[in-house]
Structure formats: C-alpha cells, structure tokens
Amino acid sequence: MTYFITKNLSKNKNMIKYYGYSIEINQKWRRFMITKREDVRNIAIIAHVDHGKTTLVDELLKQSGTFRENQEVAERVMDSNDIERERGITILSKNTAVYYKDTKINIIDTPGHADFGGEVERVLKMVNGVILVVDAYEGVMPQTKFVLHKALDLDLDLIVCVNKIDRPEARPNEVVDEVLELLLDLDANDKQLECPFIFASAREGFAKYKLEDESDNMIPLFETIINHIPAPEGDAEAPLQLLISTIDYNEYVGRIGVGKIDNGTIKVNQEVLLVNHHDESKHQRVKVTKLYEFNGLNKVEVNEAKMGSIVAVSGITDLHIGDTLCNVDSPAPIPFQKISEPTIAMNFMVNDSPLAGQEGKFVTSRHLRDRLFRELNTDVSLRVEETDDMNCFKVSGRGELHLSVLIENMRREGYEFAVSKAEVLYHYDERGHKLEPMETAFVDVPDDCSGTVIQKLSMRKGELNGMTPLNAGTTRLEFSIPSRGLIGYTNEFLTDTKGSGVINTTFDDYGPYKGDISYRKQGSLIAFENGEAITYGLFNAQERGTLFIGPGEKVYAGMIVGQTGRAEDIEVNVCKTKHLTNTRSSSADDALRLVPPKILSLEQSLEFIDTDELLEVTPKSLRIRKKILDSTLRYRSKKN
C-alpha cells in the first residue's frame, strides 16, 4: 500500500492520518511506503491471574531451541523477580523473543492480577496481536474481561488458547462458548469473532487445533501465530518513530527504554529528538549510546534496528514511559494509552517510633522521597504526592497488592518507614455527591460456606448479582462491592472458607457512596511500657487475647502486641517480671506455658491495622503501633 503527499506543506503544518496515528508533516514533499516485515511477529500473552501465561512462555522458549539440551531451566523462568517467584504471580511485564523457522516472534509476558493492569495497558502498544489464555476449568474471569477489552479497543488480532485441558475437571467446550459470549458483550468486530481457538496444556508442553487431535509439541500454536498475527507495518524509509512503553533500569548503564519502532530506522550513536505527545514542552536532543534487541532471555547489542522491531535503548537520562524518539528534523510524537487511575492510597512516612533507625539502612525523609519518586519512572499506575508534613508522602495505587509489593521491595532494599491503613480515593460529581470506586468480585466457595460469605460481604455493602453452581460442590458468587469493602477481608475470607475459597476482583466504575463500613470488630492489645517482652508478662497478657509477639522481643509503649476478643483496646504489661519474695523463689512455680504467637505477614498486617494505627516496616521486622503512642494523649484524642 502506498500513500503520496503531493501538496507543498512548507508554510502550513498539516496533520495526516498514518498507520493509525496523527502525524504532523512540515516537509515540502514526502512519500510514504507502507510495507510489512514478514520476518517478525509481535505478540503479548494476556490472561487472568494463574491461567498459565508464564508457563506457556516457558514452553515456547524451550521448544524454539532457546536453551541447550542439557541446560537446567527453572519453572516460570520469566518470573525473575524474587517476589514473583515466591508468590507465583507475574508483577512486571517481560520481553523475550523466539525464532520459529525464519520468523522472529517477540513475546511480551504480562501480569494477570488486576492491581498490575497498568503493565498490560501500556505494553499492548508494542504488539500487533495477543494470545488470550483461558483456564479450561475456571473459564472467563474478571481480569480476562479487562485485558481482552483493552486488546479489542486497540483493534489487535486475537488467538484464544484454552489452557490446562489435561485437568480432570476441564470443560474446554463450555469455556469456548464463554469466550465467544464475552467477545459479543465487548462488541468485537467480525475478524475478532472469527479468531482461532487452540487447545493446550502448557505444563505438558503440547497444543492442538482440535480436542481430538494428537500432539506432543507446540507447533500448532507457533503455526497459528505465524499465519494469524499480522506482520508489523510501517515505512522503513520514513523518519524515525519509536514509542517508549516500558522502562528498565541497570545500575551500570542507567535507564533503558523499551518500545517498538513504528517507522524508520534507529542506529547506535544516532542523535534523536525526545518528545511526548501529552507534554508539548518536552523537546530534547539526545544520543543513543547503546541499542539492544531481545533474543531468548537476553538483550543482544545491535548497531541498527528497523521498523517493526522491539528494541531497548540506553544512554538517555530523561527517558520516561510515553516518550517518543524521533528524527531531529521531523518530530512526530505518538499518542500513549491512557492508564486507569489509582483507586486506593496510603501514607508512607518516616518511622518515628522508639526503635526507629536500629534496623534500616535508609531512614530519612530524603531517602524515602527519592525512592518513591524513582518508582514512578517504571510504574505508570502509581501516584506519589507530597503532603503538608515533609516527612509524609501520599502514595496511590490500583489495589492493596500493588502497594504491598512496593512496600516489600523497599524493605528488602534496606528502607525503614511507616505506613497508614489503605483508604479509597473518592470522586465527586457536578452536584457534589460523593462517589467511590466499585468492584466486581467473583467468589468461588464450597457450597456449605456460601451463606457465611454472602452475609460477610453484605455487611461490607456488597450486593449479590448472581450465583452459579460449579463442579465438585462449589458455587460461584458474583458481587458488586465498594473497593473499601474488600480492604482487610482476605484473611477473614480464608478463615470462613477453610482456606479453599478463591476471590477475584476487577475495578468496575465509580458509583454513589454506600455508607460507613466497620472494618474491625476486635480491639488491640497495647504494650504499656518500653522494654523487652518477658514470659511472665506474656503469660498474663495471653488471657486477654491472641498475641503477635514472643518472649525476648523489644516493645515500646503504644506498640500493638496482640488482638483482643472485645471491641475496645486493652493495655497490657508484657515486660512484667515475677518478683522474688521471702517465702519463695521466682522459679518456684511450674513452668509457664505460652501459646505460640500469631506471626502476621505483610499483607495480614496491612489488613489488620485500623485508621488510628500504623505499620512500622523495617528490613527485619514488622511492628503494628498506634499513631499516638502516649496513652493519655491517645485517650484525649479519642474523646475529642
């Protein structure tokens, strides 16, 4: 396909539509040749959490010959981050590339959890098609709808991979019908409705065109990618256009921008113009010092890359997601996908407890500020705002998991700080009415637990929209519930369902405020004085509730050491010792038996804290405390 511009454009700049974008032309004459790069395919793998995206990428890497025959390869090799491997989820999108026959397939593995949806939204700009992975048992889930909606909005070609067909309870034919219904609900066009379906078991390493086919490899999926995903289009002779969709960081080379070359060619040591479609003031000449393409799990240095390639660029200090690299003579920034806004926020502040500074390496407000604002370079869904207090920063994200991963990363890096309870971000309409974020929750529970779950979620302002019986005595409940109704619920939910329940949520929209919600019905056990927890003091305190600490741990006045069975807080002296008397020694009685303390994880601690409490985070410890440590001042504040 060829376009000719035959008008003198030197005096008045005109906007023309080219390759889906509006491009500003200020040259006298320009001829565009739109061609296809048949030796390249760019795809993203999208799905709901735990439907097998990363395992599928593992198999594509293995069967494409990326690894040596005798090479040991870990499971979920793309989940390179420690937290990703520990939790079994993908948090950051990853780039890789495999070769099938003479075609290079650039693959982007995306997160499946709703809290990291911003990662999905931005990387879809780099690809021409997506593989939607759907579990053959679970079927269409909330995040399936979210990621598919984003892909259809960008008019991307689609391949549906029904994964885990080797599960005993798999129902692949029903899942195909669910996906087609979802496509109809999302107003997919005729081409998208006629997308190919592939049946696979990523764990066993095979894919099939039809369920009855025999297969022991991934060739059907490779062939479908080559035949169905369109080759990237553009003009290799046109001025350079490279949209930065992801930022990586390396302590040796600094910031690394990753994106797809829409038009033109980029070379090492080339001088380019850094611009941004949404920030007209950005207009900076920079130099490309290093250029990489992806090959397997590695970045390979190249001297030149052409239209259609996904590349990594280093040597540019002020590079951000959404920037475009262009030729110096013809700036033409590419619009960037609007990222969904955050829904919850919490305060990150300097730790001021009596134990502050003993365990952390970075403890000051300057350290905290620099680290939080540095996170903005790579996380487009995060917001960081300075407050009136120079030691406190408001951090907003897409969900509790989103913020808890940031907290965990920071404590592993040596940061010490305190955080407040997560609170939702409210909006107001034209009439001043309060609006709050609403979520759709799909809850899979054993039949005998459904009544308890319905009761608990109803108390948290959830509305039951539907009940669907599943296999093996399980029911799927669909709720519309405020985001704040889900804060701090996970622990309680796992207890009520005996650990067998699964809850999945996705952001729906802002709706009218539903009224007040009581987060916690049980009070806290609060330490009475500074010191070290003693067995005798803990023995007396455990009669009042459940303890979070054991003997020998440092405590301070105002620190929360447990949970009571009552609604009000109780102060206890866990440092109390048994005194020696004239008639008996301090060890005369039988040995005191302590109930093992309940050790809270980071997520459990964030769920537990109330609005008047803080979580003290250090590389070694997690301590819950009252915002006001002094009991007299705390009593006056509560009374007022």
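For clarity, every value in this text was computed on a predicted model and none was experimentally measured.

What about the overall build of the protein chain?
Here is step 1 of the chain: Regarding its fold elements, the protein chain presents 15 helices and 41 strands.
Here is step 2 of the chain: In the protein chain, which comprises 640 residues, the proportion classed as buried is 53%.
Here is step 3 of the chain: Across the protein chain, every contact between residues at least 6 apart in sequence was considered, and the portion connecting residues at least 24 apart equals 70%.
Here is step 4 of the chain: Within the structure as shown, the protein chain displays about 30,000 Å² of accessible surface, and the carbon and sulfur contribution to it stands at 46%.

A few points about a negative patch on the surface
Here is step 1 of the chain: Taken together, the side chains of Asp177, Glu181, Asp185 and Asp187 define an acidic patch exposed on the protein surface.
Here is step 2 of the chain: Residue placement: Glu181 occurs in helix α5 (residues 172-185).

Quick word on the nonpolar core
Here is step 1 of the chain: Ranked by internal contacts, the top residues of the largest apolar core, which has 41 residues, are Leu124, Val130, Leu132, Val160, Val162 and Val179.
Here is step 2 of the chain: Taken together, domain 1 (35-233) and domain 2 (235-326) each give at least three residues to this core, which thus spans both.
Here is step 3 of the chain: In terms of nonpolar packing, the next biggest core, distinct from the first, is built from 30 residues, Leu602, Leu606, Ile609 and Leu615 among them.

Examining the packing of aromatic side chains
Here is step 1 of the chain: The tally for this structure, following the rule as stated, stands at six aromatic pairs.
Here is step 2 of the chain: Taking the centre distance of 5.2 Å and the plane angle of 85° together, the rings of Phe548 and Phe608 count as edge-to-face. Remark: Phe608 occurs in helix α14 (residues 602-608) and Phe548 occurs in the loop between β36 (545-547) and β37 (554-555); sequence separation between them is 60 residues. The residues Phe548 and Phe608 share a single accessibility class, namely buried.
Here is step 3 of the chain: Taking NZ or CZ as reference, Lys434 lies 4.2 Å from the ring centre of Tyr426, over its face.
Here is step 4 of the chain: The ring of Tyr513 is capped by Lys434, whose NZ or CZ atom sits 4.4 Å from the centre of that ring.

What about the UniProt feature "binding site: GTP" (unreviewed entry) in the protein chain?
Here is step 1 of the chain: With numbering aligned to this structure, UniProt lists the feature "binding site: GTP" (unreviewed entry) at Asp50, His51, Gly52, Lys53, Thr54, Thr55, Asn163, Lys164, Ile165 and Asp166.
Here is step 2 of the chain: Looking at where Asp50 falls in the secondary structure, it is placed in the loop between β6 (40-47) and α1 (53-63).
Here is step 3 of the chain: Given a relative accessible area of 55%, Asp50 falls into the exposed group.
Here is step 4 of the chain: Setting aside chain neighbours within four positions, we find Asp50 in contact with Asp135 and Lys164.
Here is step 5 of the chain: Among the structural elements, Ile165 can be located in the loop between β10 (157-163) and α5.

Things to note about the pattern of salt bridges
Opposite charge on two side chains permits them to pair, given that their charged atoms come into close proximity.
Here is step 1 of the chain: Tallying each qualifying case throughout the model produces 37 salt bridges.
Here is step 2 of the chain: Linking Arg171 and Glu174 is a salt bridge whose minimum nitrogen-to-oxygen distance equals 3.5 Å.
Here is step 3 of the chain: For Arg171, a relative accessible area of 12% translates into the label buried.
Here is step 4 of the chain: Here Glu492 ties to Arg460 by a salt bridge, and the two come within 3.6 Å at their closest N and O atoms. Placement of the pair is Glu492 in helix α12 (residues 490-496) and Arg460 in the loop between α10 (450-459) and β31 (463-469), with a sequence separation of 32 residues.
Here is step 5 of the chain: Each member of the salt-bridge network shares a partner with another, and the members are Asp135, Lys164, Arg167 and Glu169.

Notes on the pairing of strand β15 (residues 254-263)
Here is step 1 of the chain: Of all 10 residues that make up β15, 10 are buried, and the element is covered over most of its length.
Here is step 2 of the chain: Here β15 pairs with strand β22 (residues 310-314) via five bridges, running antiparallel. Note that in β22 the partner of Val258 across the bridge is Ala312.

Here's the deal with α1
For an α-helix, 3.6 residues make a turn, and residues three or four places apart therefore share a direction.
Here is step 1 of the chain: Burial analysis of α1 places eight of its 11 residues in the buried class, which makes it a mostly covered element.
Here is step 2 of the chain: Looking only at α1, the buried set comprises Lys53, Thr54, Leu56, Val57, Asp58, Glu59, Leu60 and Leu61.

Remarks on the packing of helix α8 (residues 365-375) against helix α9 (residues 400-412)
A pair of packed helices is characterised by two quantities: the angle between their axes and the separation of those axes.
Here is step 1 of the chain: Put simply, α8 and α9 touch, their axes get as near as 12 Å, and they point 130° apart. On the basis of the axis angle, α8 is oblique to α9. Viewed along their axes, α8 and α9 form a crossing whose handedness is right-handed. Along the contact surface, α8 presents Leu368, Arg371, Leu372 and Glu375, while α9 presents Leu406, Asn409 and Met410.
Here is step 2 of the chain: When the residues that make up the contact of α8 with α9 are grouped by side-chain class, the tally is four nonpolar, one polar and two charged.

Side note on the side chain of Ser245
Here is step 1 of the chain: Position of Ser245 relative to the elements: it lies in strand β14 (residues 241-250).
Here is step 2 of the chain: For Ser245, a relative accessible area of 1% translates into the label buried.
Here is step 3 of the chain: Residues within four places of Ser245 in sequence aside, it is in contact with Arg122, Lys125, Met126, Val258, Gly259, Ile321 and Phe336.

As for the pairing of strand β19 (residues 290-295)
Here is step 1 of the chain: Inspection of the sheet shows β19 paired to β22 by four bridges, in the antiparallel sense. Paired with Leu291 across the two strands is Val313, which belongs to β22.
Here is step 2 of the chain: In terms of strand pairing, β19 meets strand β20 (residues 298-301) through four bridges, oriented antiparallel. Following the sheet pairing, Glu293 is matched in β20 by Val300.

Regarding unusual backbone geometry
Glycine aside, the phi torsion of most residues is negative, and most peptide linkages are trans.
Here is step 1 of the chain: A positive phi angle is found at Lys101, which is not glycine, with a value near 55°.
Here is step 2 of the chain: Mapped onto the elements, Lys101 comes out in the loop between β7 (94-100) and β8 (103-109).
Here is step 3 of the chain: The backbone of Asp155 shows a phi angle near 60°, a positive value even though the residue is not glycine.
Here is step 4 of the chain: One can find Asp155 in the loop between α4 (142-153) and β10.

Quick word on the side chain of Arg460
Here is step 1 of the chain: Residue Arg460 is classed as buried on the basis of its relative accessible area of 5%.
Here is step 2 of the chain: From its side chain, Arg460 meets the backbone oxygen of Ile487 in a polar contact 3.1 Å long.

Describing the environment of Glu529
Here is step 1 of the chain: Along the chain, Glu529 turns up in the loop between β34 (524-527) and β35 (531-532).
Here is step 2 of the chain: Among the residues examined, Glu529 registers a relative accessible area of 30% and is labelled partly exposed.
Here is step 3 of the chain: Distance in space between the C-alpha atoms of Glu529 and Val555 is 7.6 Å, their sequence separation being 26 residues.

Some thoughts on the environment of Gly296
Here is step 1 of the chain: If you trace the backbone, Gly296 turns up in the loop between β19 and β20.
Here is step 2 of the chain: For Gly296, a relative accessible area of 1% translates into the label buried.
Here is step 3 of the chain: Sequence spacing of Gly296 and Asn95 is 201 residues, and the spatial spacing of their C-alpha atoms is 8.8 Å.

Things to note about the confidence of the model for the protein chain
Here is step 1 of the chain: Averaged over all residues, the pLDDT of the protein chain equals 81, while 86% of them reach at least 70.
Here is step 2 of the chain: Mean pLDDT values for the elements of the protein chain range from 37 in strand β1 (residues 2-5) up to 95 in strand β27 (residues 417-420).
Here is step 3 of the chain: When the criterion is pLDDT under 50, residues 1-31 qualifies, and its contacts beyond four places in sequence or with other chains add up to 67 contacts.

So, the environment of Gly322
Here is step 1 of the chain: Note that Gly322 resides in the loop between β22 and β23 (323-327).
Here is step 2 of the chain: When the C-alpha atoms of Gly322 and Val380 are compared, they prove to be 9.5 Å apart, with 58 residues separating the residues in sequence.
Here is step 3 of the chain: With residues up to four places along the chain from it excluded, the contact list for Gly322 reads Leu243, Ile244, Asn276 and Phe336.

The rules we used
- Residue indices follow the written sequence of each chain, beginning from 1 at its first position.
- Confidence filtering applies because this is a predicted model: local features only for residues at pLDDT of at least 70, side-chain atom pairs given and counted only at 80 or more, and all residues used for totals across whole chains, interfaces and linings.
- The side-chain numbers reported here are obtained from all heavy atoms of the structure, hydrogens and water having been left aside.
- Secondary structure elements are taken from DSSP: a helix is a run of H or I of four residues or more, a strand is a run of E of two residues or more, and numbering for both begins at the N terminus.
- The cut-offs for exposure are 20% and 50% of the maximum accessible area for each residue type, with area from a 1.4 Å probe on protein chains only; residues under the lower value are buried, those over the upper are exposed, and the others partly exposed.
- Residue contacts are defined here by distance: any two heavy atoms, one from each residue, within 4.5 Å place the two residues in contact.
- Only the protein chains shown count as cover for residues, and the accessible areas themselves come from Shrake-Rupley with a 1.4 Å probe.
- The patches described consist of residues with a relative accessible area above 30% and no salt bridge, like charges being joined within 9 Å and nonpolar side chains (Val, Leu, Ile, Met, Phe, Trp, Tyr) within 5 Å.
- Note on definitions: salt bridges are taken to be side-chain nitrogens of Lys or Arg within 4 Å of carboxyl oxygens of Asp or Glu.
- We treat Lys and Arg as the positive residues and Asp and Glu as the negative residues; His and chain ends play no part in the count.
- Note on charges: their place is set at NZ of Lys, CZ of Arg, CG of Asp or CD of Glu.
- Residues grouped as a nonpolar core are buried Ala, Val, Leu, Ile, Met, Phe, Trp, Tyr and Cys residues, joined through side-chain atoms within 4.5 Å.
- Note that the domain bounds were set by an automatic or database domain assignment.
- Pairing of aromatic side chains requires ring centres within 6.5 Å, counting the rings of Phe and Tyr and the six-membered ring of Trp. Pairs whose planes differ by under 30 degrees are stacked, by over 60 edge-to-face, and all others tilted.
- Two conditions define a charge sitting above a ring: the NZ of Lys or the CZ of Arg must be within 6 Å of the ring centre, and it must be within 35 degrees of the ring normal.
- UniProt positions are given in the numbering used here, feature names are shortened, and annotations may be inferred rather than shown by experiment.
- Here, any two strands with at least 2 DSSP bridges between them count as paired.
- All axes here are fitted lines through C-alpha atoms, helices being fitted over the stretch that makes contact, and every angle between N-to-C directions spans 0 to 180 degrees.
- Orientation categories follow fixed angle ranges, with anything under 35 degrees roughly parallel, anything over 145 roughly antiparallel, 65 to 115 roughly perpendicular, and all other angles oblique.
- Working rule for handedness: look at the near helix, and if it is turned counterclockwise from the far one by less than a right angle, call the crossing left-handed; if clockwise, right-handed.
- Polar here means any residue other than Ala, Val, Leu, Ile, Met, Phe, Trp, Tyr, Cys and Pro, which are nonpolar, and Asp, Glu, Lys and Arg, which are charged; Gly is therefore polar.
- Nitrogen and oxygen atoms within 3.5 Å of one another constitute a polar contact, given that in protein one can donate a hydrogen and the other can accept it, and given that sequence-neighbouring residues count only through two side-chain atoms.
- Within a predicted model, pLDDT stands for the predictor's per-residue confidence, ranging from 0 to 100.

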